[in-house]
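An overview of the molecular structure
Residue strings, one per chain:
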Amino acid sequence: MPVAVGIWVVIGLVLLAVVFVGLKRLTTRTAQTVPAPPAVPDGDLGEVVAGPLTAVYVSSTLAGDWLARVGAHRLGFRSNATVTVHRGGVLIARQGAPDLFLAASALEAVTLAPGMAGKYVGKDGLVVLTWTVPAVGDAPATRLDTGLRTQLAPDRATLLNAVRELLPAADSAPNDDSKEPQQ
């Protein structure tokens, strides 16, 4: 019996080592291509448009590739968060990780998705913000998708609509269904 327990302990330790080595490699690999996100500004972020909303920060991936998780700068790891949309951008206050501020000028799109690296919830369960991290040093500007899962389902629409207000006018124009028919 002690031999069997010892074997299971060794197997568990080997599996933990594999996980930690994989996370370290992910962090190192993406640190070379993804610059550090800008710090949260000290000053006024502008009028609060929505929030604070309780959510889960799922992860950030390279834009358009929901499986290409970014491990650098702690962007790829899930945490509880509070999301507040200001006129100046979106503040994501993460527990156990640095806060993120996605400036309104960096935001490109907001959509709903069934999942991304780190979480799959099904039909339109995640709010995905597409934004650009500005270039820093040798790392070029990089487009990312950041996934958020709101704790309450109605908050998903609130977050989606509030972020749409921050997008450039061309991206947030009403679709053709809302126009009156021409005669």
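See the structure shown above.
Position numbers for residues count from 1 along each chain, tracking the sequence in the order it is written. Local features are withheld for residues below a pLDDT of 70 in this predicted model, meaning they are given only at 70 or higher, and side-chain atom pairs are given and counted only at 80 or more; totals for whole chains, interfaces and linings count all residues. Where side-chain values are given, they derive from all heavy atoms of the structure, hydrogens and water being excluded.

On to the overall build of the chain. Counting secondary structure elements, the chain contains 2 helices and 9 strands. Order of helices (α) and strands (β) in the chain, N terminus to C terminus: α-β-β-β-β-β-β-β-β-β-α. Across the 183 residues that make up the chain, the buried fraction comes to 37%. Note on definitions: a residue-residue contact is assigned when non-hydrogen atoms from the two residues lie within 4.5 Å. Sequence-distant contacts, at least 24 apart, represent 59% of the contacts inside the chain between residues at least 6 apart. The helix count covers DSSP runs of H or I at least four residues long, the strand count covers runs of E at least two residues long, and both are numbered beginning at the N terminus. Only protein chains enter the accessibility calculation, which uses a 1.4 Å probe; a residue whose area is less than 20% of its type maximum is buried, one above 50% is exposed, and one in between is partly exposed.

Tracing the backbone through its elements, the reader meets Thr146 in strand S9 (residues 142–150). We call two N or O atoms a polar contact when they sit within 3.5 Å, provided that within protein one can donate a hydrogen and the other can accept it, with sequence-adjacent residues counted only if both atoms are side-chain atoms. In terms of polar contacts, Thr146 uses its side chain to reach the side chain of Trp131, at 2.7 Å. The contact partners of Thr146, leaving out residues within four places of it in the chain, are Tyr57, Ser59, Ser60, Ile92, Met116, Val127, Val128, Leu129 and Trp131.

Let's shift gears to the sheet that holds strand S4 (residues 100–103). Two modes of strand pairing occur in sheets, parallel and antiparallel, and in both the strands are linked by backbone hydrogen bonds. A pair of strands is labelled paired if DSSP reports no fewer than 2 bridges between them. One open sheet accounts for 7 strands, arranged S4-S3-S2-S1-S9-S8-S5; its pairing is antiparallel. Single-partner strands in this sheet number two, and they are S4 and strand S5 (107–113). Sheet twist, expressed as the mean angle between neighbouring strand axes with direction ignored, is 30 degrees. Each axis is a line fitted through C-alpha atoms, and for a helix only the stretch in contact is used; angles between axes span 0 to 180 degrees, taken between their N-to-C directions.

Moving on: the side chain of Thr84. Note that Thr84 resides in strand S2 (residues 79–86). Excluding residues within four positions of it along the chain, Thr84 makes contact with Val48, Ala50, Gly51, Pro52, Gly89, Val90 and Leu91.

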